[in-house]
Amino acid sequence: MNREQFDRMKNGKGFIAALDQSGGSTPKALLNYGVTEDKYSNDEEMFNLVHEMRKRIITNEAFTSDRILAAILFKVTMNSKVGDKYTGDYLWEEKGIVPILKIDEGLDEEKDGAQLMKPFKGLDELLENAKERNIFGTKMRSVVKELNEESIKKVVDQQFDYAVKISNAGFVPIIEPEVDIHAKDKAEIEEVLKKYLIEGLKKLGKENYVMFKLTLPEKENLYEDLYDFDQTVRVVALSGGYSREEANEKLRKNRGVIASYSRALTEGLNVNQSDEEFTKMLDDSIEKNYSASVEK
């Protein structure tokens, strides 16, 4: 583990930029950016286009470590280059921004109100690849949609099982059990989720550090107790379908929680914008996410 990066993630001021759209979410991300499906004919062309979008973002003058702590990447982006450097090296060496890798292979079918992660098929190889690319941490996502305590426990157990293995390999994993913002019993789900997250933390080894990426809760400061454990590096928030304005309004009400947005970060960016227009839009987005993260 890179101790300088660890200290930045634990104590730095800023937020995490989520640039990790994968195969399923890439077409929508490109469409929101103004790139229609007729602009590519296969996955390779699609991923090349989304890498160009991400490259335009991370090389922009507004995208700096003054306000951004880390960036979450997709595997294709990790293994692509910005100039003559792999993306993770560019982020850290040129920008001072910590590189994190999305590692899950998507969601299983919904069962009993939740979607577990698909079983990881090539985790060891992916972590070796990530080590070669100087990646600091990982991120993996599950989803809870209904109030079913057994299912919520399964989601958390699966996340922690993988987190221990990832931590033992030298990375800091982000545990992301998203709660659907449209869930009927969202507040109750979050109380149950918190209970099992704390149970998971109690079982962790002293050196098994983790971060949490969570849906902004109905009860303010619900997840503040996660910081009672030395193993908790950071608690960050996903936007989860909220607009940037809605997400940041909720974020300001939760001490110790910083943003980790994807769509709410890139909202308003367009492939046809001039460099000046693009920079202005990105700078405005970054500033709003930053201020909501640090002004509590």
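These notes cover the structure that comes with them. Quick caveat, the model's predicted, so the values are computed rather than measured.

1. Notes on the overall build of the protein chain
Secondary structure summary: the protein chain contains 11 helices and 11 strands in total. Over its C-alpha atoms the protein chain spans a radius of gyration of 18 Å, differing by no more than 12% from the 19 Å that the globule rule assigns to 296 residues. With the C-alpha coordinates aligned to their principal axes, the bounding extent of the protein chain is approximately 50 × 40 × 40 Å. Of the contacts made within the protein chain by residues no fewer than 6 positions apart, 72% connect residues no fewer than 24 positions apart. A total of about 13300 Å² of accessible surface is found on the protein chain, and carbon and sulfur atoms cover 44% of it. Charged side chains in the protein chain number 45 positive and 56 negative. The centres of these two groups are separated by 2 Å.

2. A look at helix α7 (residues 149–168)
Spanning 20 residues, α7 covers 28 Å between terminal C-alpha atoms, matching the ideal 28 Å at 1.5 Å per step. Turning to α7, its buried residues are S151, I152, V155, V156, Q158, Q159, F160, Y162, A163, I166 and S167. Contacts from the buried residues of α7 go to β6 (114–115), α6 (123–132), β7 (137–144), β8 (172–179), α8 (186–203) and β9 (210–215). Put simply, N148 is the residue that caps the front of α7, since its side-chain oxygen is 3.2 Å from the backbone nitrogen of E150.

3. Points about the pattern of salt bridges
Taken as a whole and assessed by the stated rule, the structure comprises 21 salt bridges. We note a salt bridge from K55 to E52, for which the minimum N-O separation is 3.2 Å. Residue K55 and its partner E52 are located together in helix α3 (residues 43–58), separated by three residues, close to a single helical turn. Its salt-bridge partner being K195, residue E149 comes within 2.5 Å of it at the nearest N-O pair.

4. Quick notes on the pairing of β9
With respect to burial, β9 is a largely interior element, six of its six residues being buried. Taken together, β8, α8 and β9 constitute a β-α-β crossover, and its handedness is right-handed. As defined by bridge partners, β9 adjoins strand β10 (residues 232–238) across six bridges and the pair is classed as parallel. Residue pairing for β10: M211 is matched across the bridge by R234.

5. Observations concerning the packing of aromatic side chains
Applying the stated criterion across every chain yields a total of four aromatic pairs. Residues F47 and F74 carry aromatic rings whose centres are separated by 5.5 Å and whose planes lie at 35° to one another, so their mutual orientation is tilted. Of this pair, F47 sits in helix α3 while F74 sits in the loop between β2 (68–73) and α4 (75–78), and the two are 27 residues apart along the sequence. No difference in accessibility class separates F47 from F74, as the two residues are buried. With 3.9 Å between their ring centres and 10° between their planes, F120 and Y162 make a pair best called stacked. Taken as a pair, F120 in the loop between β6 and α6 and Y162 in helix α7 lie far apart in primary sequence, 42 residues in all. Each member of the pair F120 and Y162 is classed as buried. The lysine or arginine in question, R3, covers the ring of F6, its NZ or CZ lying 4.7 Å from the ring centre. Sitting over the face of the ring of F278, R56 holds its NZ or CZ atom 4.0 Å from the ring centroid.

6. Brief notes about the packing of α6 against α7
Where α6 meets α7, the axes come as close as 11 Å, and the angle between the chain directions of the two elements is 40°. What the angle tells us is that α6 and α7 run oblique. The two elements α6 and α7 cross, and the hand of that crossing is right-handed. Residues L123, D124 and L127 of α6 form the contact with α7, whose own contacting residues are Y162, K165 and I166. Residues that form the contact of α6 with α7 fall into these classes: four nonpolar, no polar and two charged.

Reading the values: rules and limits
- Residues numbered from 1 in each chain as written.
- Predicted model: local features only at pLDDT ≥ 70, side-chain atom pairs only at ≥ 80, totals over all residues.
- Heavy atoms only, no water.
- Helix = DSSP H or I, 4+ residues; strand = E, 2+ residues; numbered from the N terminus.
- Rg over C-alpha atoms; globule rule 2.2 N^0.38 Å.
- Contact = heavy atoms within 4.5 Å.
- Areas by Shrake-Rupley, 256 points an atom, 1.4 Å probe, with all protein chains shown as cover.
- Lys, Arg positive; Asp, Glu negative; His and termini not counted.
- Charge placed at Lys NZ, Arg CZ, Asp CG, Glu CD.
- Expected span 1.5 Å × (residues − 1).
- Buried < 20%, exposed > 50% of the residue type's maximum accessible area, 1.4 Å probe, protein only.
- Polar contact = N/O pair within 3.5 Å; in protein donor to acceptor, adjacent residues only side chain to side chain.
- Salt bridge = Lys/Arg side-chain N within 4 Å of Asp/Glu carboxyl O.
- Right-handed = clockwise from strand over helix to strand, strands pointing away.
- Pairing = 2+ DSSP bridges.
- Phe/Tyr/Trp six-rings, centres within 6.5 Å; stacked < 30°, edge-to-face > 60°.
- Lys NZ or Arg CZ within 6 Å of the ring centre and 35° of its normal.
- Axes fitted to C-alpha atoms, helices over the stretch in contact; angles between N-to-C directions.
- Parallel < 35°, antiparallel > 145°, perpendicular 65-115°, else oblique.
- Left-handed = near helix turned anticlockwise from the far one by under 90°.
- Nonpolar A, V, L, I, M, F, W, Y, C, P; charged D, E, K, R; others polar.

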